[in-house]
Amino acid sequence: MFWFLLITMVVVVAAVTLAVVGGGDSEVLPESAPERLIDPLPATRPVGRADVEALRLPVAVRGYRMADVDDVLGRLGAELAERDARIADLETALAAAAPRDEAEAAPRDEEEGA
């Protein structure tokens, strides 16, 4: 049993050594082209939840590609700022319309009660 384990260990070490050192002139792993953001956020319509959930950023050697992440975060920030401004405008319009509605409703209530 001892000899079997010893021979097996020698064969494994030899195979690993040949695979690492004896690769010849070719590299162990071929060079691959860097990943790019294939399906960016849509430029012709507002970004939706499904767009953000489907977004997959390409991975670089040390994490994500900074340029792609910066582009996506910049676009999302602009979209959120635009929506916040639109919400503020609508809230302002609603607040301005609410006193007018109450003023119009008050005379009607008095007329109905009299």
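Residue indices follow the written sequence of each chain, beginning from 1 at its first position. The predicted nature of this model means local features are confined to residues of pLDDT at least 70 and side-chain atom pairs, given and counted, to a pLDDT of 80 or more, with totals for whole chains, interfaces and linings taken over all residues. Side-chain metrics rest on all non-hydrogen atoms present in the structure, leaving aside hydrogens and water.

Mind laying out the environment of Val 72, listing which residues take part and the relevant values?
Assignment of secondary structure puts Val 72 in helix H3 (residues 66-113). Since its relative accessible area comes to 8%, Val 72 is described here as buried. Residues Val 72 and Pro 40, spaced 32 residues apart in sequence, show a C-alpha to C-alpha distance of 7.8 Å. Contacts: residue pairs with any heavy atoms within 4.5 Å of one another. In this structure Val 72 touches Leu 37, Leu 41, Leu 55 and Leu 57, once residues within four positions along its chain are discounted. Here a helix means four or more residues in a row that DSSP labels H or I, a strand means two or more in a row labelled E, and each is numbered from the N terminus. Exposure is judged per residue with a 1.4 Å probe applied to protein chains only, and the accessible area is read against the type maximum: over 50% gives exposed, under 20% gives buried, and values in between give partly exposed.

Explain the pattern of salt bridges to me, and be specific about the residues and the numbers.
The term salt bridge refers to a pairing of a side-chain nitrogen on Lys or Arg with a carboxyl oxygen on Asp or Glu at a separation within 4 Å. Scanning all chains against the criterion turns up five salt bridges. Between Arg 45 and Asp 51 there is a salt bridge, with the nearest N and O atoms lying 2.8 Å from each other. A salt bridge links Arg 65 to Asp 68; the shortest N-O distance between them is 3.4 Å. Put simply, Arg 75, Glu 79 and Arg 83 are held in one network by salt bridges that share partners.

Help me get a handle on the side chain of Asp 68, residues and values and all.
Here Asp 68 shows up in helix H3. Under the relative-accessibility criterion, Asp 68 is labelled buried at 12%. Setting aside residues up to four positions removed in sequence, Asp 68 forms contacts with Leu 37, Leu 57 and Pro 58.

Tell me about a nonpolar patch on the surface, residues and numbers included.
Residues Phe 2, Trp 3, Ile 7 and Val 11 make up a contiguous nonpolar surface patch of about 500 Å² in total accessible area. Here Val 11 shows up in helix H1 (residues 2-21). To count toward a patch, a residue needs a relative accessible area above 30% and no salt bridge. Like charges then connect within 9 Å, nonpolar side chains (Val, Leu, Ile, Met, Phe, Trp, Tyr) within 5 Å. Where accessible areas are quoted, they stem from the Shrake-Rupley method and a 1.4 Å probe; at the residue level, only the protein chains shown are allowed to cover.

I'd like a rundown of H1, residues and numbers included.
Take the residue count of a helix, subtract one, and multiply by 1.5 Å to get its expected span. Over its 20 residues, H1 runs 28 Å from end to end, which matches the ideal 28 Å to within 8%, given 1.5 Å per residue. The element H1 is largely exposed, with a buried count of zero among its 20 residues.

Tell me about the packing of aromatic side chains, and name the residues and values.
Centre distance and the angle of the planes are the two values used to describe a pair of aromatic rings. Each pair of aromatic rings taken from Phe, Tyr and Trp, with Trp reduced to its six-membered ring, is defined by centres within 6.5 Å and is described as stacked if the planes are under 30 degrees apart, edge-to-face if over 60, and tilted in the remaining cases. For the coordinates displayed, the defined rule picks out one aromatic pair. Each ring, one from Phe 2 and one from Trp 3, has its centre 5.7 Å from the other, and the planes form 70°; the classification is edge-to-face. Residue classification places Phe 2 among the exposed positions, given a relative accessible area of 57%.

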